[in-house]
Structure formats: C-alpha cells, structure tokens
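Notes for the structure review
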Amino acid sequence: MKLQVVLSLCAVLTLGLQAPPPEQCWCELINVGDEFPHDKLSTADGNASDCNRNITPNKTVELESLLLGLERRIAQLHQDVSVLEREDDGELYGVLSLYVIENEVAEIWQLMDRLNSITEGDQRLTADTTKRLRALRAVMEEMETFDTMQVVRGQLSSNLLKMDPGNYKKGLKATTAPTQPPQGTCAHGQLQNVTGPRVFTKGEYPGSYPYGAWGRDPEPEPGKESWYWLVMMTSGNKFSNYIRLYSSLSSLIVGKSVPGNVDIHPSNPTTNTIQGPNNVLYRGALYYNCYNQPEVCRFNLTTKKVTNFRLPEGTRYNSKGNFCQLDECYPFTDLDLATDESGVWVTYTTSQDFGNLVLSKVEEGEPPRLGQTWHTSIYKQAITNTFMACGVLYATRFKTKGVEEIFYALDTVTGKERFNLGILMNKMAPKIQALNYSPVDQMLHAYSDANMVSYKALFA
C-alpha cells in the first residue's frame, strides 16, 4: 500500500514538472481567405519603376526642340529661295545661292531622319507602356480586393474631400511671380517668370563633357545673326582651347558644326586658353577666364588675337571662389562672364569682400577694362549661377534635382538687392554648369550636365 502511494506522488510530480507555465500560450492561426500575392505586387512595382525611368520630360522636350529647329530651317530655306528667285544672275551668285540652299535641304533631311527615328522609338515605347499599364491596372484592382477594412478607399475619399480646387490650380503654375521685382534698364519691363524648357539637345557628344557653355552673340557680325556657339571643357572638365560654331539652331540640334571650330591655341591648357565653363560671345569675340590667371581674356574670332585685363587685387581664382550647392562646388567657376542688352559683365569674389559676390561692367576698348563695380551682400558659394538681364544681376540656387530657383537680384540702376524672387526653373539634369541670357530672343541658355537647354524669359 505504501509503495502505491509513493508511485502516485512521483507521477504527480513528474506531470507537474512537464506542464507549461500558466503564462505561456500556443495558438494556431488559419487564414480562411486567399493568400496575398506578394510576387504580383513586386512585379507591379518593378513595372511602375520601369515606366518612370523610360518616360521622362526629356523625351518630350527633345521632340519639341527638333520640331522648333525644323520650323526655323524651313522658314530660312523659303527666304533663301525667294531671294534667289528675285536676284539670280545666272552666274556665280546663282551657283553660290544654290549651294547654300542645297546645304539647307541636307540639314532639313537630317532633322527629318532624327524626327522619324525618335517617333518610331516613341511609338514602340507607347505600345509597350500601354501594355504594362493595363497589366498594372489589373493587378492593382486585384490588390484592392484584399483591402477588406476599406483603409485605402477611405484614405482616397478623405484626400478628395480635403482637396481645394483653388490650391490645385495654384499647383499647376510652374513658378511664382515675384513681388515688386527690380526693373533695370529695359523698356520691356521686369523679369516675371521663366518657362520651358523650350529647347533640349544632347548635341554631338552626348554625355561626354559635363562642363561647358553655349548661346548666341547678342550683337553678331552681319550674316551671322542665326549662329550659335558652344564651348566644352574638353580637358578634365576644367579647360578648353577652342570655340565651336553652328550656323543655326537646327545645326546645333542635329550636331552638324558649320563652320566648325575656331582654335585659340593648339595646346590645352596653356597661356590665354579657356579656364572654367562660364563664357560668353559678344561682337564676334569670346570672353572667358584666362588659364591660371585672375584675368579676363577676349579672343577675337576673326583676327585670332587675344587681349586680356586683370581683375582687382585679391580676386580668387583657380577654383578658390566657386559657385556651390549644399553637397558640392562647381570647379573653376571663379569668374562668370555674362551679356545683356548693354554689353559684357563679369562676376567674381575677392579676399577683401570675404567671399561675397562682386559685379563689374566690362568696358570695350584695346584692351578692354573694368568699369563700374558693385559689391553685393550675398556669399558667392551660396549660389549656383548668375546671369544679367536688362542691367539686373540675377543669382540662382539649387532647390532639388529637378528645380533651380532664381532667388536673388541686384538692380544696377538703384543698387537695391532682393533675396526672395522665387522664380523656379524646371531642370533636365541635376546641375546647371553655365547660364547665359540672350537679349536677341529673351532666352536663357543653360549647359546642364552635357545637355543644352533653353528657357524663355518673360518680362512684364
């Protein structure tokens, strides 16, 4: 009997030791609904990312640029044919005119070939994207069936209720017009806005030279009114030794350089060659920062002669006074040459100004010299670029990878500075290495990560 009691106690103790603690619990969950299709969601996310990469504003702007170039080339061809019909002498003049017309027709064919190629590519992209979007829509509709708590639908309804039509319309505007901006010296009034891009092209060397500048001569020689110029930093993104010329916008877009290069010197770099991307062409002469000197060089494209003048003592050069954004500075942007309706200007900084921006008017002469100077209160490394328009200095700053802001202005007539213009520019690439204003057609020409982009400046 005692033995049975002892065995019973041992059994109770053993079972007690094996039993789980009362605070622990094991549950088995059973999903009575369909399994969530994670693989389909991942595929849909990949397709959406592909669509965002393949369809960009660059494609639309490039097509518009080609159409604009074609429009201008056809108008020029029509004008030249009309002149030939009126003035054909049946001899040398007629032969030369026919040769010019033949070249223009060849350029038009080149533009047409580019347009056809882009159009065919766009058609294939449209068909593929349409197919992907339909598949994506079907997948997303399937995903909605798993929203049994109506969370997503409720959020969409809430957003629609909160949306104010007035705010929506404001959001469609690309920029905000400045409040009482400076007027300067122009009869057409003050800068109100910048629209575009109007022109976008990768040029002859897509992606090869990230630093450079391009534009038009505000006062060209007779017969060169439609010409465009291009300077690329061909040595280490810092130096160049020639300027490249194009007889028209369409020639620039298709990458046909006529008359071609005008060399400053066979070597690159060397004395009096180009240092930095911020250059301008004015009255048939290229203005730029002389290599390894705090000086401005003027290279006459006709005589091939270089004249230069020195900037004030203490001027920072050799990449010691650059334009900058938050993450980086743009090398060898110490000097920035600019043109407007009144001529050539240069911005720089000096040790005496503690890095603040300095503006000087360049006076024509043999050699040219510095004229009136303005000392600003804005720090040069807090801005990314400057340009002149109507006697007003404007400065830009990096806002996002897709937006640059014209935020600062100095009116050289009144000496008044403003820091809150708030004019936004939609970029085609993250950085703008050079920005030039053309008073011929009120366009802003930007060199942006090896792309050539132009914007329309709108005045009051």
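Parameters and conventions
- Residues numbered from 1 in each chain as written.
- Predicted model: local features only at pLDDT ≥ 70, side-chain atom pairs only at ≥ 80, totals over all residues.
- Heavy atoms only, no water.
- UniProt positions renumbered as here; feature names shortened; annotations may be inferred.
- Helix = DSSP H or I, 4+ residues; strand = E, 2+ residues; numbered from the N terminus.
- Buried < 20%, exposed > 50% of the residue type's maximum accessible area, 1.4 Å probe, protein only.
- Areas by Shrake-Rupley, 256 points an atom, 1.4 Å probe, with all protein chains shown as cover.
- Disulfide = S-S within 2.5 Å.
- Pairing = 2+ DSSP bridges.
- Axes fitted to C-alpha atoms, helices over the stretch in contact; angles between N-to-C directions.
- 1 Å grid on protein atoms, 1.4 Å probe; cavity = no way out; pocket = protein on both sides within 12 Å on 5 of 7 lines; lining within 4 Å.
- Points joined across faces, edges and corners; volume = space filled by probe spheres on them.
- Nonpolar A, V, L, I, M, F, W, Y, C, P; charged D, E, K, R; others polar.
- Salt bridge = Lys/Arg side-chain N within 4 Å of Asp/Glu carboxyl O.
- Phe/Tyr/Trp six-rings, centres within 6.5 Å; stacked < 30°, edge-to-face > 60°.
- Lys NZ or Arg CZ within 6 Å of the ring centre and 35° of its normal.
- Core = buried A, V, L, I, M, F, W, Y, C linked by side-chain atoms within 4.5 Å.
- Contact = heavy atoms within 4.5 Å.

Labelled according to an unreviewed UniProt entry, the protein appears under the name Olfactomedin-4-like, originating from Salarias fasciatus. Per its UniProt entry, the protein bears the Subcellular location (unreviewed entry) comment "Secreted".

This part is about the overall build of the protein. If you tally the helices and strands in the protein, you get seven helices and 25 strands. Each of the 460 residues in the protein was classed as buried or not, and the buried ones make up 43%. Counting every atom, the protein has about 24600 Å² of accessible surface; 55% of that belongs to carbon and sulfur.

For the coordinates displayed, the defined rule picks out two disulfides. The partner cysteine of Cys324 in its disulfide is Cys329, sulfur to sulfur 1.9 Å. A torsion of 95° about the S-S bond marks the disulfide between Cys324 and Cys329 as right-handed. We classify Cys324 as buried; its relative accessible area is 3%.

Our focus in this paragraph is the sheet that holds strand β16 (residues 356-363). A sheet is described by the order of its strands in space; here four strands give the open sequence β14-β15-β16-β17, paired in antiparallel fashion. This sheet does not close on itself; its edge strands, each paired only once, are β14 (336-340) and β17 (369-379). On average, each strand axis in the sheet is inclined to that of its neighbour by 25°, with strand direction left out of account. Pairing of β16 with β17, which is carried by six bridges, proceeds in the antiparallel orientation. The residue bridging Val358 from the neighbouring strand is His375, located in β17.

In this section: empty space enclosed by the protein. Over the atoms rolls a probe the size of a water molecule, and in doing so it shows where empty space is left. The full count for this structure, using the stated rule, is three cavities of 30 Å³ or more. As for the largest cavity, its lining consists of Lys202, Gly203, Glu204, Tyr205, Ser208, Tyr209, Leu230, Met232, Tyr447, Ala450 and Met452. Residues of the lining of the largest cavity, tallied by class, amount to seven nonpolar, two polar and two charged.

Our next topic: the sheet that holds strand β9 (residues 285-289). Sheet strands associate in pairs through backbone hydrogen bonding, adopting either a parallel or an antiparallel arrangement. A sheet is described by the order of its strands in space; here four strands give the open sequence β8-β9-β10-β11, paired in antiparallel fashion. The sheet is open, and its two edges are formed by β8 (280-282) and β11 (306-310), each paired on a single side. Across this sheet, the average inter-strand angle for adjacent strands is 25°, counted without regard to direction. Where strand β10 (residues 295-300) and β11 come together, five bridges link them in antiparallel fashion.

Any two side chains of opposite charge can pair, so long as their charged atoms come close to each other. Taken as a whole and assessed by the stated rule, the structure comprises ten salt bridges. For the salt bridge of Asp441 with Arg216, the shortest nitrogen-to-oxygen distance reads 2.9 Å. Here Asp441, found in the loop between β23 (434-438) and β24 (443-448), pairs with Arg216, found in the loop between β2 (212-215) and β3 (228-232); they are 225 residues apart in sequence, far enough to count as distant. As far as burial versus exposure is concerned, Asp441 and Arg216 are alike and both buried. Several salt bridges converge on common partners, so that one network encompasses Arg298, Glu364 and Glu366.

Once that is clear, we can look at the layout of surface pockets. By volume, the largest pocket amounts to about 350 Å³. Around the largest pocket, the lining is made up of 16 residues, and of these Arg73, Val100, Glu104, Trp227 and Ser247 lie nearest the centre. Elements supplying a minimum of two residues to the lining of the largest pocket: α3 (57-87) and α4 (92-144). Looking at which element gives the most residues to the lining of the largest pocket, the answer is α4, with four residues. Across the lining of the largest pocket, the residue classes tally to four nonpolar, five polar and seven charged.

Tracing the backbone shows Thr307 in strand β11. A relative accessible area of 10% places Thr307 in the buried class.

The description of an aromatic ring pair uses the distance of the two centres, along with the angle that the planes make with each other. According to the stated counting rule, one finds nine aromatic pairs in the structure shown. Seen in terms of ring centroids, Trp214 and Tyr228 are 6.1 Å apart; in terms of plane orientation they differ by 25°. Their pairing is stacked. Separated by 14 residues along the polypeptide, Trp214 in strand β2 and Tyr228 in strand β3 bring together distant segments of the chain. The exposure class assigned to Tyr228 is buried, which follows from its relative accessible area of 4%. Grouping aromatic residues by their ring pairs yields a cluster made of Phe239, Tyr291 and Phe332. One Lys or Arg, Lys361, reaches over the ring of Trp345 and ends 5.4 Å from the middle of that ring. Of note, Lys380 hangs over the ring of Phe323, and the distance from its end group to the ring centre comes to 3.8 Å.

This next bit is on the nonpolar core. Judged by nonpolar contacts, the single largest core of 57 residues is most densely connected at Ile243, Leu286, Leu301 and Tyr447. Beyond its immediate sequence surroundings of up to four residues, Leu301 is in contact with Ile243, Leu245, Val262, Leu281, Gly284, Ala285 and Leu286. By size, the runner-up hydrophobic cluster in this structure holds 24 residues, among which are Phe200, Val392, Ile406 and Met428.

Note that Ala213 resides in strand β2. Assessed through its relative accessible area of 0%, Ala213 is described here as buried. Ignoring anything within four residues of it in the chain, the contact list for Ala213 reads Trp229, Leu230, Val231, Pro277, Asn279, Ala434, Asn436 and Tyr447.

With respect to the helices and strands, the residue Tyr209 is situated in the loop between β1 (191-201) and β2. The exposure class of Tyr209 is partly exposed, given its relative accessible area of 24%. Measuring from C-alpha to C-alpha, the distance between Tyr209 and Val231 comes to 9.9 Å, with 22 residues separating the pair along the chain. Those residues in contact with Tyr209 that sit more than four places away from it in its chain are Met232, Met233, Thr234, Tyr447 and Ala450.

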